[in-house]
Amino acid sequence: MSRTPVKLPLRPTFLAILLLAGVVPGVHAQAGPEAVRFDMVDPAMDDVPGPFSYYSHPTDVIGVMDGRGTEVTPEGYLYTGYGELMFLAGPTLTPVSQRIRTLRGGWLPVVEYDVRRGDVAYHFTLFAATLDGNPESPVVNFVRVTMTNTGATATRARIAFAVRYTGPDGTGRGIGDNRFRRPATARRLGQYDQPGVAFDTTWTYGFADGAFLRGGKAVYLYPTEPAPELRRTPEALGTRSTAIDPVRLRVQQTTPTGAAVYDPVLAPGASEGLVVKLPYTPTDPGDPWLQQVRTADFDTYLASTEAFWRDIVGRGMQVDLPESKVVNAFRANLVYDLLARDKRGDDYVQTVNEFHYHAFWLRDASYIARAYDVTGYPDIAAQVLAFFAGWQQEDGNFVSQGGQYDGWGQTLWAYGQHYRLTRDRAFAERVLPAVKRAVDWLHAARASDIMHLVPATTPGDNEEITGHVTGHDFWALAGLHGAIDIANGLGDRAAVGAFRREYDDLEKTLMEQLKRSTATTGGYIQPGLDGPGGQDWGNMMSVYPEQVLDPHDPMVTATLDSTRAKYAEGIMTYGDGAWLHDYLTMKNTETEVIRGDQETALRELYAVLLHTSSTHAGFEYSVRPWGTRDFGGNLAPHGWFAAKYRTLLRDMLVREEGEDLHLFSVVSPAWIAPGKSIIVTGAPTDFGPVDFRLTTLSDTTATLDMAPDFTRAPAHVVVHVPWFMSVRSARADGRPVSVRGGALSLPPGARNVTLTWTRRADKPAISYDTTVGEYKAEYRRRWEEWTRGG
């Protein structure tokens, strides 16, 4: 988990930090878990048309890769560091509020939604762009509202645009609900920052030349043809004049101001569109750039935005599955991570999102870099990894947040896995000196530690303990593995020997401590090695991302059983079960993929997807189990979720294990049916890129076609048999192949496999849709029980 840095005189509790950062909903935190246990929302909200959205108050992002991003609020407004563009529609100009939104094409960063007022349908299209394509140039948010009369008689369609500083604060956090804190200035690049201005009671409000002016700056541009009625506030008297002199108003931060009202009369079936533009930063009305914004054509910039993202996404790994939710989430979450990346001069700073987590963490960024690498974007990963070097301390440790020594292992692991995939010798040569300094730090730190492990620390987030954090040692071993790969690739035998000795000694020492600490827990690996307590996190990582323990070691099984017992709504919980935690779940899921726990892993994939929005945005935590489905200020999309989801789906379809390449470790019954195919192209692996396609020809026959481009051949290609199918016979390139241990072990030269199989009647036909249906039914059952006083 990541969090917004907050200056406090003493090390605070985790909850205190989140409250001050505006992450945890204040009413929940003040009341405590017991008092809010039964808070729910009416499940009727799930009965509306459109795709399912888990959140009661979703947030979305529009922006540009490597530039600024704008929040789309739960209502559908645009929120920046400077204000919030609102939309009001219908005869009485009622504020718009629409929680069901979609992405254009299913995944592009163009947010669309619909609102109805009587016979008038309002369709909103929102996206962002820079005028010159440079991400460091000023960002413009484009909005088009298309009004259509769906009735049989002429009717008036009314729409108004207005600006307020922020939304209502119902929690006492001092921040609008489901908004982020701004402005904020970082002390160094990579720390939390948000451009913006504080609310100013001396601002003046007026209109001129198609722009709403606040404090002498143009906040948004509106069409002057047809001429709107201009109002300083939506309730004020308006005028059709082209300008209104600026005056001071006694308004609150939540008061809508600067309303431009349109009310065309539409014939039956007729439509009319209006385009407004919101520069991310309010601009001097005389700035020549503003005139360029005025003349910028909506459709031209929409087309260029779509083309840009189709090109970016299209050059990486492609996954085509029969379930659109799974595929569109894979694509959209790449976009979310790229939108969260900032270019600042020569630096590429991978933040977690553009909102409350607009900062750099080694832990989040290492996973995000891994996701770029394993899905076909090594150049982007290399740019992200270049920023890691600045977080190496004078003593050689890598730390981005105080006490979080997992950053040491995460950095070296990220370096190593990048080299394994790319074999980029120049990259390895650049990072090896820093890797050597890092290993020197580890060696010295362990020598002076009483347990000879990664030193005791107080990391706060995530394990919430003081002492020897189990996950820090798992990460150290993963990092040493990466260091060995880099040194070995460069032929530095002395470094390989030193790194190997450090690995072997740490592994031996850690195993001794794990056996001691698990002797009284039934094998469950605890978050800390000094005793009980703490939040499950790094202790769930004994198998993935690097195998420290055998996947079927009793300690692994016991830890899976213990942590899965803490699930709610199908996913992991945080804070003694008080909160749902979406992406923490996937630590277990990756282990289950490797273990061959196929059905369990698939159910968790669907449970994770269940807990996303209709725009496929994942969250971190702050949602109560079976509660209001509101993450408060812990806003979506979350970049670590995005990376882990993409990596998980990739690993389910193709992954490495030692010198073997594994295909189809986990697939869904929804993907196997006559006429359906599973298609993967351009998938990077340690052995080189691979393409493959599994086509179900009939109820009893399927074919697998493989087209790898190996740079070095794996020992075997292991094709896993789906957990819901029974294979009667298999032939690889015309030769019989036996199923052993639920898989086919093929030579690396195999190109075609023919399967004769049948579906097992004793296995359920689960899918994303069935998962959503089961959840909705259970939520409604609990709601009805509660409303009856149960």
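Residues numbered from 1 in each chain as written. Predicted model: local features only at pLDDT ≥ 70, side-chain atom pairs only at ≥ 80, totals over all residues. Heavy atoms only, no water.

Before we move on, could you go through the overall build of the protein chain and cite the residues and values that matter?
Scanning the protein chain from terminus to terminus reveals 16 helices and 35 strands. For 790 residues, the compact-globule formula gives about 28 Å, and the C-alpha radius of gyration of the protein chain, at 27 Å, lands near that figure. Within the protein chain, the proportion of its 790 residues that are buried is 62%. Long-range pairs, those at least 24 residues apart, make up 69% of the contacts in the protein chain with a sequence separation of at least 6. The distance from the centre of the 78 positive side-chain charges to the centre of the 93 negative ones in the protein chain is 1 Å. (Helix = DSSP H or I, 4+ residues; strand = E, 2+ residues; numbered from the N terminus. Rg over C-alpha atoms; globule rule 2.2 N^0.38 Å. Buried < 20%, exposed > 50% of the residue type's maximum accessible area, 1.4 Å probe, protein only. Contact = heavy atoms within 4.5 Å. Lys, Arg positive; Asp, Glu negative; His and termini not counted. Charge placed at Lys NZ, Arg CZ, Asp CG, Glu CD.)

Give me the sheet that holds strand S30 (residues 716-720): which residues, what numbers.
In spatial order, the strands read S25-S26-S30-S34-S33; together these five strands make up an open sheet with mixed pairing. Strand pairing shows two members of the sheet lacking a second neighbour, strand S25 (654-657) and strand S33 (739-740), which therefore form its edges. By the bridge criterion, four bridges tie S30 to strand S34 (residues 743-746) in an arrangement that is antiparallel. Directly across from His 720, in S34, lies its bridge partner Ala 743. (Pairing = 2+ DSSP bridges.)

Break down the sheet that holds strand S27 (residues 677-683) for me, citing the residues and quoting the values.
Pairing is antiparallel across the open sheet formed by seven strands, whose spatial order is S20-S27-S28-S29-S35-S31-S32. At either end of the open sheet lies a strand with only one pairing partner, and these are strand S20 (318-320) and strand S32 (735-736). With seven bridges connecting them, strand S28 (residues 690-696) and strand S29 (residues 701-708) associate as antiparallel partners. Directly across from Val 690, in S29, lies its bridge partner Pro 708.

Break down the packing of aromatic side chains for me, citing the residues and quoting the values.
Tallying each qualifying case throughout the model produces 52 aromatic pairs. Between Tyr 367 and Trp 475, the aromatic rings sit 5.8 Å apart at their centres with planes inclined by 85 degrees, giving edge-to-face as the arrangement. Taken together, the positions of Tyr 367 in helix H6 (residues 362-374) and Trp 475 in helix H10 (residues 470-489) put the pair 108 residues apart, joining distant regions of the chain. Each ring, one from Phe 664 and one from Phe 692, has its centre 5.3 Å from the other, and the planes form 90 degrees; the classification is edge-to-face. Highlighted residues: Phe 664 in the loop between strand S26 (660-663) and S27 and Phe 692 in strand S28, separated in sequence by 28 residues. Both residues of the pair, Phe 664 and Phe 692, count as buried. One Lys or Arg, Arg 646, reaches over the ring of Phe 330 and ends 4.0 Å from the middle of that ring. (Phe/Tyr/Trp six-rings, centres within 6.5 Å; stacked < 30°, edge-to-face > 60°. Lys NZ or Arg CZ within 6 Å of the ring centre and 35° of its normal.)

Which residues make up unusual backbone geometry, and what values go with them?
Going from Asp 461 to Asn 462, the amide bond is cis rather than trans, its omega being 25 degrees. As for its placement among the helices and strands, Asn 462 is situated in the loop between helix H9 (425-447) and H10. Each neighbour pair has its own omega, and for Tyr 544 with Pro 545 the value is 15 degrees, a cis peptide bond. Its place among the elements puts Pro 545 in the loop between helix H11 (493-518) and helix H12 (554-564). The residue Arg 423 is not glycine, and still its phi comes out positive at about 55 degrees. Tracing the sequence through the fold places Arg 423 in the loop between helix H8 (406-422) and H9. On the basis of relative accessible area, Arg 423 is assigned to the partly exposed category, the value being 42%.

Tell me about the pairing of S25, residues and numbers included.
In the sheet, S25 pairs with S26 via four bridges, with the strands oriented antiparallel. Opposite Arg 655, over in S26, you have His 662 as the bridge partner.

An account of H10 is requested, with residue identities and associated values reported.
With 20 residues, H10 ought to run about 28 Å at 1.5 Å a step, and its terminal C-alpha atoms sit 29 Å apart, in line with that. Along H10, 17 of the 20 residues are buried, which leaves the element largely enclosed by surrounding structure. (Expected span 1.5 Å × (residues − 1).)

Summarise the pattern of salt bridges; cite the residues concerned and give the values.
Counted according to the given criterion, the structure contains 39 salt bridges. Between Asp 299 and Arg 144 there is a salt bridge whose closest N-O contact spans 2.9 Å. Linking Asp 299 in helix H4 (residues 298-314) with Arg 144 in strand S9 (residues 139-149), this pair joins segments that are 155 residues apart in sequence. Taking the relative accessible area as the measure of exposure, Asp 299 reaches 41% and is therefore partly exposed. Ionic pairing is found between Glu 592 and Arg 564, a salt bridge with its closest N-O pair at 3.9 Å. (Salt bridge = Lys/Arg side-chain N within 4 Å of Asp/Glu carboxyl O.)

Describe the side chain of Arg 158, listing the residues and the values that go with them.
By secondary structure assignment, the location of Arg 158 is in the loop between strand S10 (155-156) and strand S11 (159-164). No salt bridge is formed by the buried Arg 158. Its closest oppositely charged neighbour is Asp 263, at 4.5 Å. A distance of 2.8 Å separates a polar atom in the side chain of Arg 158 from the backbone oxygen of Pro 91. Excluding residues that lie within four positions of it along the chain, Arg 158 makes contacts with Leu 88, Ala 89, Gly 90, Pro 91, Leu 93, Tyr 122, Arg 231, Val 261, Tyr 262 and Asp 263. (Polar contact = N/O pair within 3.5 Å; in protein donor to acceptor, adjacent residues only side chain to side chain.)

Tell me what's going on with H4, and back it up with residues and numbers.
For H4, built from 17 residues, the straight-helix expectation of 24 Å at 1.5 Å per residue is met to within 8% by its first-to-last C-alpha distance of 24 Å. All of the buried residues in H4 are Phe 298, Tyr 301, Leu 302, Thr 305, Glu 306, Trp 309, Ile 312 and Val 313. Along the long axis of H4, the arc covered by the buried residues comes to 135 degrees, so they all point the same way. Against strand S8 (120-130), S9, strand S19 (271-279), S20 and helix H5 (324-339) lie the buried residues of H4. Put simply, Asp 297 is the residue that caps the front of H4, since its side-chain oxygen is 3.3 Å from the backbone nitrogen of Asp 299. (Arc of directions from axis to C-beta.)

Before we move on, could you go through the packing of H10 against H11 and cite the residues and values that matter?
With their axes 9 Å apart at the nearest point, H10 and H11 run at an angle of 160 degrees to one another. Here H10 lies roughly antiparallel to H11, going by the angle between them. By crossing handedness, the relation of H10 to H11 is classed as left-handed. Side by side, H10 and H11 meet where Thr 470, Asp 473, Phe 474, Ala 476, Leu 477, Leu 480, His 481, Ala 483, Ile 484, Ala 487 and Asn 488 of the first sit next to Ala 495, Val 496, Phe 499, Arg 500, Glu 502, Tyr 503, Leu 506, Glu 507, Leu 510 and Leu 514 of the second. Within the contact of H10 with H11, the residues separate by chemical class into 14 nonpolar, three polar and four charged. (Axes fitted to C-alpha atoms, helices over the stretch in contact; angles between N-to-C directions. Parallel < 35°, antiparallel > 145°, perpendicular 65-115°, else oblique. Left-handed = near helix turned anticlockwise from the far one by under 90°. Nonpolar A, V, L, I, M, F, W, Y, C, P; charged D, E, K, R; others polar.)

Tell me about the environment of Asn 134, and please be specific about residues and values.
Following the sequence through the fold, Asn 134 ends up in the loop between S8 and S9. Sequence separation of Asn 134 and Gly 67 is 67 residues, and the distance between their C-alpha atoms is 8.4 Å.

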